[in-house]
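This is what each chain is made of:
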Amino acid sequence: MATKSGEGFSSSFGAIMAAAGSAVGLGNIWRFPYICGKYGGGAFLLVYICFVFFIGMILMMSEFVIGRRSGEDPMKAYPKLRPDRPGWRFVGLAGLLTCFLILAIYLVISGWTLNYFWESLTGTLAEIADSDFGTHFNAFASSAFRPVLFIALFLALTTLVIIGGVEKGIERVSKLLMPILVVLLLVLCVRSLTLDGASAGIAYLFQPDFSKLTGEGILAALGQALFSLSVGMGVMIVYGSYLPVDDNILKTSVWITVCDFAIAVLSGIAIFPAVFACGQDPTGGPGLVYQVLPVVFNSLGGIGRIFSIVFFLLLSLAALTSAISLLEALTQWLSNEKNGRTKSAVLMSLLVVVLAVAASFSFGDGIWSSFKVGGMQLFDLLDKLTGTILPPVCALLTVLFFGWFMKKEDIIDELSNHGTVKVGYFKVFYYFLVRFVAPAALLIVLISGLIN
Ligand code: PHE
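Procedures and definitions
Along each chain, numbering runs from 1 in the same order as the chain's sequence is written. A pLDDT threshold of at least 70 governs which residues receive local features in this predicted model, and a stricter bar of 80 or more applies before side-chain atom pairs are shown or counted, although totals over entire chains, interfaces and linings include all residues. The side-chain figures draw on all heavy atoms in the structure; neither hydrogens nor water molecules are used. Geometry is summarised by axes, namely lines fitted to C-alpha atoms with helices restricted to the contacting stretch, and by angles between N-to-C directions that run from 0 to 180 degrees. Secondary structure follows DSSP: runs of H or I at least 4 residues long count as helices, runs of E at least 2 residues long count as strands, and numbering of each begins at the N terminus. Roughly parallel means an angle under 35 degrees; roughly antiparallel, over 145; roughly perpendicular, 65 to 115; everything else is oblique. It only takes one pair of heavy atoms within 4.5 Å for two residues to be counted as in contact. The residues that make up patches have over 30% relative accessible area and no salt bridge, and they are joined within 9 Å when like-charged or within 5 Å when they are Val, Leu, Ile, Met, Phe, Trp or Tyr. Each accessible area is a Shrake-Rupley result for a 1.4 Å probe, and residues are judged covered by the shown protein chains and nothing else. The salt bridge criterion pairs a side-chain nitrogen of Lys or Arg with a carboxyl oxygen of Asp or Glu, the two atoms within 4 Å. For every residue, the accessible area obtained with a 1.4 Å probe (protein chains only) is divided by the maximum for its type, and the residue is called buried under 20%, exposed over 50%, and partly exposed between those limits. Throughout this description, a polar contact denotes any pair of N or O atoms lying within 3.5 Å of each other; where both atoms belong to protein, one of them has to be capable of donating a hydrogen while the other can accept it, and for residues adjacent in sequence the pair is counted only when both atoms sit in side chains. Whether a set of points on the 1 Å grid over the protein atoms alone is a cavity depends on a 1.4 Å probe fitting there but being unable to get out, while an open set qualifies as a pocket with protein on both sides within 12 Å along at least five of seven lines; lining residues are those with an atom within 4 Å of a point. Grid points are joined across faces, edges and corners, and a volume is the space filled by probe spheres set on the points. Only Asp, Glu, Lys and Arg are considered charged in this grouping, and only Ala, Val, Leu, Ile, Met, Phe, Trp, Tyr, Cys and Pro are considered nonpolar; every other residue, Gly among them, is considered polar. The near set for a molecule or strand comprises every residue that places at least one heavy atom within 4 Å of it.

**Q** Looking at this structure, how should I read the packing of helix α7 (residues 145-164) against helix α8 (residues 166-193)?
**A** In a pair of packed helices, the angle between the axes and the distance between the axes together describe the arrangement. Interaxial distance between α7 and α8 falls to 5 Å at its minimum, and their mutual angle equals 120°. The angle between α7 and α8 places the two elements in the oblique class. Contacts between α7 and α8 involve V161, I162 and G164 from the former and K168, G169, I170 and V173 from the latter.

**Q** Can you help me understand a nonpolar patch on the surface in this one?
**A** Residues L160, I163, V346 and L350 make up a contiguous nonpolar surface patch of roughly 350 Å² in combined accessible area. Among the elements of the structure, α7 and α15 (341-362) are those that each provide at least two residues to the nonpolar patch. Along the chain, I163 turns up in helix α7. Exposure remark for I163: the relative accessible area of 30% places this residue in the partly exposed category.

**Q** Looking at this model, I keep getting lost on the pattern of salt bridges. Mind explaining?
**A** Side chains carrying opposite charge are able to pair once their charged atoms draw close together. What the rule picks out here adds up to 11 salt bridges. The partner of R341 in a salt bridge is E7, and the shortest N-O contact between them spans 2.9 Å. Linking R341 in helix α15 with E7 in the segment before α1 (12-23), this pair joins segments that are 334 residues apart in sequence. D413 is the partner of R69 in a salt bridge, and the nearest nitrogen-oxygen pair spans 2.8 Å. Of this pair, R69 sits in helix α3 (residues 42-70) while D413 sits in helix α17 (residues 408-415), placing them 344 residues apart in sequence. A relative accessible area of 26% means that R69 is categorised as partly exposed. Classification of D413 as partly exposed rests on a relative accessible area of 24%. Taken together, the salt bridges that share partners define one network made up of R68, R69, D410, D413 and E414.

**Q** Help me understand the side chain of S142 in this model?
**A** By the secondary structure assignment, S142 is in helix α6 (residues 133-142). Of the polar contacts made by the side chain of S142, one reaches the backbone oxygen of N138; its length is 2.9 Å. There is a polar contact of 3.0 Å between the side chain of S142 and the backbone nitrogen of D365. Sequence-distant contacts of S142, that is, excluding residues within four places in its chain, are made with F363, G364, D365, G366 and I367.

**Q** I would appreciate a short explanation of the layout of surface pockets in the present structure.
**A** In this approach a probe as big as a water molecule rolls over the atoms, and the regions it shows empty are the leftover space. Volume-wise, the largest pocket comes out at about 870 Å³. Around the largest pocket, the lining is made up of 33 residues, and of these R31, D383, K384, G387 and T388 lie nearest the centre. Taken together, the elements giving at least two residues each to the lining of the largest pocket come down to α2 (26-38), α5 (89-122), α6, α10 (215-228), α16 (378-405) and α18 (426-451). Here the lining of the largest pocket gets 8 residues from one element, more than from any other, and that element is α16. Classifying every residue of the lining of the largest pocket gives 18 nonpolar, 9 polar and 6 charged.

**Q** What am I meant to see in the site of the ligand here?
**A** Around the ligand, a shell composed of 16 residues is seen, among which A23, G27, Y106, F227 and S230 lie nearest. Contacts to the ligand include A23, whose backbone N or O atom sits 2.9 Å from a nitrogen atom. Separating an oxygen atom of the ligand from a backbone N or O atom of L26 is a distance of 3.1 Å. Protein contact buries 100% of the 330 Å² of open area that the ligand shows by itself. Every element with two or more residues in the shell around the ligand is listed here: α1, α2, α5, α10 and α14 (302-334). In terms of residue class, the shell around the ligand is built from 8 nonpolar, 8 polar and no charged.

And the structure:
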């Protein structure tokens, strides 16, 4: 319990569940499968693995170290570690701003997911004809009232957990939900793999097609690796400040990374064999989950309805534990002696819901769809900023701080728990990655992204 407020995770297991809960989200189940399919399946996977383990995981360790060493929120953490360089606090601020924007767009998509869960439960989805799912999705997402209702519901749940506190709210909910999520996902995988014609889906996902792996695909892999591990915007600094003092940061980060990666791959296994077995289009893109999967579920008959309920429940739970981490980062920052946790969480929720509702109204043919910023609808602008631009910028600044400005002795001391854990040669390897490889890779990606 490193923070001044005395809040923290009670155990390493609790910390792993909470941080894995943050990492595993819409990014794994909704986004990973379709971009993996789009950029060459196995070929994309190879590049993605490298980014996840050599850059994403390294960033996670660094953020945990910054968080636990300082015991502060991201904005105060940097200047606390280098009091002579107060300007670094703007990196923390940029991260928090990114969290705010991600949370807004995350709420919109989570709201859709919750609505689909509801429609599976009540049987509405089962009554829709296969050819009408596209229209159904667009009509729903562009309407004014219903998406907002589900955004509000989802945010209320998130806020309640945050009000519960770090240990009694976040940790408890994550310890409960994460195992349920894994079981639900495994059930879906088994069903998907046992459908006739499932092997085509597995081939699509794993067979490397290097011709489809473009430069754009490589950028997408890096962006996805950062987004999926929740690194680059300070969320892991926040969770790092709650890590138990004796937690082994290296081990914890490896566990979370492996878990996040495995769940992304399992999601692909749950989705693509079913999509192929039902003769659907695997390149459905972002609409895959809302327009293609319901067709798959309906074609499975009565049991399909159960799978539909299970799937959208799974997605809602995964989204919830991620949204929790985003709101926690904002709440921790706002809380102080005067503003307690409850007041801060409610205030932040009220602020972010305004942006989320505006983004929802601007989506598709929504009532604000003609309002454009820089030629883009608000929803698309937020998607672009949070998906490709802001996280790599913040990530680059974080590794630069870590590799070049933080004291090496502090880092080794923190990684080795004051000399009680052996870090051996790893520290040399790690330091090399964090000083040279990660900044160079992030810089290249950013520059090519900006040129595009
Ligand atoms: N990692 C989450 C996901 O994959 C998204 C997220 C990003 C959560 C950044 C927190 C911070 O869906």
